[in-house]
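For reference, the chains in residue letters:
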Amino acid sequence: MSAETLSQARPAPPPQPPAVRVRDAVVSYDRRPVVRGVSLDIGAGEVVAVLGPNGSGKSTLLRAILGLVPLTAGTVDLHGTPLRRFTEWARIGYVPQRLSAGGGVPATVREVVASGQVARRRRLSLPTTEDRAAVTEALETVGLLHRSRDSVHELSGGQQQRVLIARALAGRPDTFLMDEPLAGVDAASQQTLADTIAALSGRGATVVLVLHELGPLEPLIGRAVVLSEGTVGHDGAPPRPFGDCARDGHEHIHPHADAAGGASALPTIEVPRRD
Ligand SMILES: Nc1ncnc2c1ncn2[C@@H]1O[C@H](COP(=O)(O)OP(=O)(O)OP(=O)(O)O)[C@@H](O)[C@H]1O
Ligand SMILES: [Mg+2]
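Residues numbered from 1 in each chain as written. Chains lettered and ligands numbered in written order. Predicted model: local features only at pLDDT ≥ 70, side-chain atom pairs only at ≥ 80, totals over all residues. Heavy atoms only, no water.

Undergrad: So what's going on with the overall build of the chain? Which residues, and what values?
TA: When you go through the chain residue by residue, the secondary structure sums to 7 helices and 10 strands. Relative to its full complement of 275 residues, the chain shows a buried share of 47%. In the chain, the proportion of contacts linking residues at least 24 apart, taken out of those at least 6 apart, comes to 70%. Total accessible area on the chain stands at roughly 14,100 Å², and carbon and sulfur atoms take up 52% of it. (Helix = DSSP H or I, 4+ residues; strand = E, 2+ residues; numbered from the N terminus. Buried < 20%, exposed > 50% of the residue type's maximum accessible area, 1.4 Å probe, protein only. Contact = heavy atoms within 4.5 Å. Areas by Shrake-Rupley, 256 points an atom, 1.4 Å probe, with all protein chains shown as cover.)

What follows is the structure in structure tokens.
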């Protein structure tokens, strides 16, 4: 049988389920609902921004998608599997909004990045050469290879943010949920990260980004979900001018920045690529 006949005989691949499916999700803190009936599908391979003012429930929605906070009502499916039965955590890369402060044994930058591979490791197995190379590559991508042996506590807020991004990259997931990954990150690193996300997207990764400003990610974002007091106020093309919608009368303060001016000074600056 010729190759052509074979390819004709092959059945069409089954349609891929959405990477993330949220239905009528409600999340409450102390009985106060902060996510109030959100429904959302994020297709495999989509790049979606989640926008909205401070306190509108963006982080809570992301955490609920990952099962880090319980749903009061509604459902979440990841890659076609209800959250409570989902086990393929190696497919998911999560960048939390901030590195949790203080406490515990001081971890080095390299250790934190390598911790992103725990979900893909078999019990008791040691990191492979490939795993170690992926950690090195992730550190290189965020420009922190030279800080590998330093304690994460010695880094600035923006550098810590880059460590969290490297940790998500090191696990080589296909689905990223990133909560304000560019906040407090200097302009050159923002552009590098935008290039990285573009490359991941080019390889078919699903990327959900909570953003305050689109900044250098703007060319990548075709769809924005805008939360307003815990509900979806808009789902479609990114609203323009985006700044009005994001701030909505709120000042968005990020306490850490590793560049003069902080994140709010960055979005329209054209930055030369570093490589
Ligand atoms: N652990 C918690 N316990 C109680 N209330 C919380 C908790 N986390 C968040 N909240 C409240 O829930 C609401 C939504 O918070 P959330 O952090 O999801 O908003 P956000 O859109 O991510 O805001 P920001 O832009 O400031 O990051 C806010 O009113 C917040 O104060
Ligand atoms: Mg948040």
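That shown, we press on.
Undergrad: Provide a residue-level description of the site of ligand 1, including the pertinent values.
TA: For ligand 1, the set of nearby residues contains 14 residues, the closest of which are Gly55, Lys58, Ser59, Thr60 and Gln97. Here an oxygen atom of ligand 1 sits 3.0 Å away from a polar atom, N or O, in the side chain of Arg32. Side-chain polar atom of Gln97 to an oxygen atom of ligand 1: 3.0 Å apart, as the coordinates give it. Of all the elements in the fold, those that place two or more residues in the shell around ligand 1 are strand 2 (32–42) and helix 2 (58–65). If you tally residues by element for the shell around ligand 1, the top one is helix 2, at 3 residues. Per-class residue counts for the shell around ligand 1 are 3 nonpolar, 8 polar and 3 charged. (Near = heavy atom within 4 Å. Polar contact = N/O pair within 3.5 Å; in protein donor to acceptor, adjacent residues only side chain to side chain. Nonpolar A, V, L, I, M, F, W, Y, C, P; charged D, E, K, R; others polar.)

Undergrad: How would you summarise the nonpolar core if you had to cite specific residues and measurements?
TA: Counting residues in hydrophobic clusters, the biggest one holds 38 residues, and the most contacted among them are Val113, Val163, Phe176, Leu209, Leu211, Leu217 and Ile221. Take this core: its biggest share by element is 7 residues, from helix 5 (residues 157–170). (Core = buried A, V, L, I, M, F, W, Y, C linked by side-chain atoms within 4.5 Å.)

Undergrad: Give a detailed account of the coordination of the magnesium ion (ligand 2), specifying residues and quantitative values.
TA: Each pair of donors in an ideal four-coordinate tetrahedral metal site encloses 109.5 degrees, whereas pairs in an ideal six-coordinate octahedral site enclose 90 or 180 degrees. Distances from the magnesium ion (ligand 2) to its protein donors, Ser59 (OG) and Gln97 (OE1), fall at 2.0 to 2.3 Å. Of this pair, Ser59 sits in helix 2 while Gln97 sits in the loop between strand 6 (92–95) and helix 3 (109–114), and the two are 38 residues apart along the sequence. As far as the burial class goes, Ser59 and Gln97 line up, both buried. (Donors = N, O, S within 2.8 Å, 3.2 Å for Na, K, Ca; no water.)

Undergrad: Could you give an account of the sheet that holds strand 9 (residues 223–228), naming the residues involved and the relevant values?
TA: The 6 strands are arranged 6-7-8-3-9-10 in an open sheet whose pairing can be described as mixed. The strands lining the two open edges of the sheet, one partner per strand, are strand 6 and strand 10 (231–236). Pairwise comparison of adjacent strand axes, ignoring direction, gives a mean angle of 15° for this sheet. With 4 bridges joining them, strand 3 (residues 47–51) and strand 9 adopt parallel strand pairing. The residue of strand 9 that forms the bridge with Val50 is Val225. Its contacts with the sheet place helix 2 against strand 3, strand 6, strand 7 (175–179), strand 8 (206–210) and strand 9, and it is angled at close to 150° to strand 7. (Pairing = 2+ DSSP bridges. Axes fitted to C-alpha atoms, helices over the stretch in contact; angles between N-to-C directions.)

Undergrad: Explain the pairing of strand 8 to me, and be specific about the residues and the numbers.
TA: Along strand 8, 5 of the 5 residues are buried, which leaves the element largely enclosed by surrounding structure. Across the two faces of strand 8 the burial is the same, with Thr206, Val208 and Val210 and Val207 and Leu209 all buried. Judged from the 4 bridges that link them, strand 3 and strand 8 form a sheet pairing that is parallel. When the bridges of strand 8 are listed, Val50 appears paired with Val210. Where strand 7 and strand 8 come together, 5 bridges link them in parallel fashion. Residue Asp179 lies in a different strand from strand 8, and its bridge partner there is Val210. You can see the chain leave strand 7, run along helix 6 (residues 187–202) and come back into strand 8, and the turn it takes is right-handed. (Right-handed = clockwise from strand over helix to strand, strands pointing away.)

Undergrad: Can you explain helix 2? Please cite residues and give values.
TA: When you tally the buried positions in helix 2, you get 7 out of 8 residues, the bulk of the element. Every buried residue belonging to helix 2 is among Lys58, Ser59, Thr60, Leu61, Leu62, Ala64 and Ile65, and all of these are buried. Just downstream of helix 2 lies Gly67, where phi reads positive at about 75°.

Undergrad: Tell me about the side chain of Ser59, and please be specific about residues and values.
TA: Accessibility expressed as a relative area gives 18% for Ser59, which makes it buried. One polar contact links Ser59 to Asp179, side chain to side chain, over a distance of 2.6 Å. Setting aside residues up to four positions removed in sequence, Ser59 forms contacts with Gln97 and Asp179.

Undergrad: Tell me what's going on with the packing of helix 4 (residues 129–141) against helix 5, and back it up with residues and numbers.
TA: Interhelical geometry of helix 4 versus helix 5 gives an angle of 145° and a closest axis separation of 8 Å. Between helix 4 and helix 5 lies a crossing of right-handed hand. Across the interface between the two elements, Ala134, Val135, Ala138, Leu139 and Thr141 from helix 4 touch Ala166, Leu169 and Ala170 from helix 5. Each residue belonging to the contact of helix 4 with helix 5 can be placed in one class, and the counts come to 7 nonpolar, 1 polar and no charged. (Left-handed = near helix turned anticlockwise from the far one by under 90°.)

Undergrad: Just give me the short version of unusual backbone geometry, but keep the residues and values in it.
TA: One non-glycine residue, Asp30, adopts positive backbone phi at about 50°. Positive phi outside glycine occurs at Glu180, with the angle close to 50°. Locating Glu180 in the fold gives a position in the loop between strand 7 and helix 6.

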